[in-house]
Amino acid sequence: MVSEDSIGIATDLPWPQTPAQAIALQRELAGRVLRVDDVGSVRRVAGVDVGFPGGGQIARAAVAVLSFPDLRPVEQAVAELPVAFPYVPGLLSFRELPAVLAALAGLAELPDLLLVDGQGLAHPRRFGIACHLGVLTGLPTIGVAKTRLVGAHDPVPDRRGAWVPLHDRGEVIGAVLRSRVGVRPIYVSVGHRLSLERAVEWVMACTGRYRLPQTTRAAHALASTGA
DNA sequence: GCGACAG
DNA sequence: ATCTTGTCGC
């Protein structure tokens, strides 16, 4: 029973009710992640983030769409839904994605690329929230996290744009990127339909004078204030 | 058994 | 994530 809205976002999805079901679904969907570059021309880039106003019973998702490459605000959408899944490290998407999908459905036009607040492949089962959102929407996505979930890495040179690979169990799962000199690095990983190298380039192209990309900052502001 | 642990 | 003011440092 899957319904779609006018711009093609499925909203009424079957959803796991327990951590065990969620993990099984991640293992199944992880095989659908595309790591090859297939982004196309990007005119609209969006930041995606979720806040929990009040006691934390409500999830408020925000999508901030910016023009590319000038990064000017062009559209935004917010959606609030009751929280239906607890926060469990590794299962973040099951808590936040329902609200995110609702917010995306409220846009007049879909973005060409999504920067998601959280991990992509840099996840225990290689299926963080950025991968999950990419697979569900079919859109190119990138995971941009402020802290590490899994993996190890060498020190990152303190130069803007420098990055080192993030390793886990013998494979490269992401990039630890110095988006700005003198600040903690950010964790970038493939979400869907692009390579790690291109993901890092897109993130840098969306980043100005701050540690986090403009897209992420705009979405965060929207998700926490609601307007 | 003792830590680590996106948001 | 959220609850919260001032304060240390560049």
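Everything that follows concerns the structure shown earlier in this document.
The structure reproduced in this document is the subject of the present report. (Residues numbered from 1 in each chain as written. Chains lettered and ligands numbered in written order. Predicted model: local features only at pLDDT ≥ 70, side-chain atom pairs only at ≥ 80, totals over all residues. Heavy atoms only, no water.)

Moving on to the protein's contact with DNA strand B. In the vicinity of DNA strand B there are 18 residues, among which Tyr87, Gly90, Lys146, Thr147 and Arg148 approach most closely. Protein-adjacent atoms of DNA strand B, using a 4 Å cutoff, are sugar or phosphate at a proportion of 54%. Contact between DNA strand B and Gly90: a base nitrogen at 3.0 Å from a main-chain N or O atom of the residue. With respect to DNA strand B, the backbone of Leu91 contributes an N or O atom lying 3.3 Å from a base nitrogen. (Near = heavy atom within 4 Å. Polar contact = N/O pair within 3.5 Å; in protein donor to acceptor, adjacent residues only side chain to side chain.)

In the segment running from Phe68 into Pro69, the intervening peptide bond is cis, with an omega of 10°. Mapped onto the fold, Pro69 is located in the loop between β2 (58-67) and β3 (73-82). A positive phi angle, close to 50°, is found at Arg169, a residue other than glycine. Residue class for Arg169 comes out exposed when judged on its relative accessible area of 62%. Its identity is not glycine, yet Arg193 carries a phi of approximately 65°, on the positive side. Note that Arg193 resides in the loop between β8 (186-192) and α4 (196-205). (Helix = DSSP H or I, 4+ residues; strand = E, 2+ residues; numbered from the N terminus. Buried < 20%, exposed > 50% of the residue type's maximum accessible area, 1.4 Å probe, protein only.)

The next point concerns the environment of Phe52. Tracing the sequence through the fold places Phe52 in the loop between β1 (44-51) and β2. On the basis of relative accessible area, Phe52 is assigned to the partly exposed category, the value being 27%. Beyond its immediate stretch of four places on either side in the chain, Phe52 contacts Ile58, Ala59, Val83, Arg95 and Glu96. (Contact = heavy atoms within 4.5 Å.)

Space inside the largest pocket adds up to approximately 430 Å³. As for the largest pocket, its lining consists of 25 residues, of which Tyr87, Leu92, Asp117, Gly118 and Gln119 are closest to the centre. Of all the elements in the fold, those that place two or more residues in the lining of the largest pocket are β1 and α2 (92-105). Ranked by residues supplied to the lining of the largest pocket, first place goes to α2 with four residues. (1 Å grid on protein atoms, 1.4 Å probe; cavity = no way out; pocket = protein on both sides within 12 Å on 5 of 7 lines; lining within 4 Å. Points joined across faces, edges and corners; volume = space filled by probe spheres on them.)

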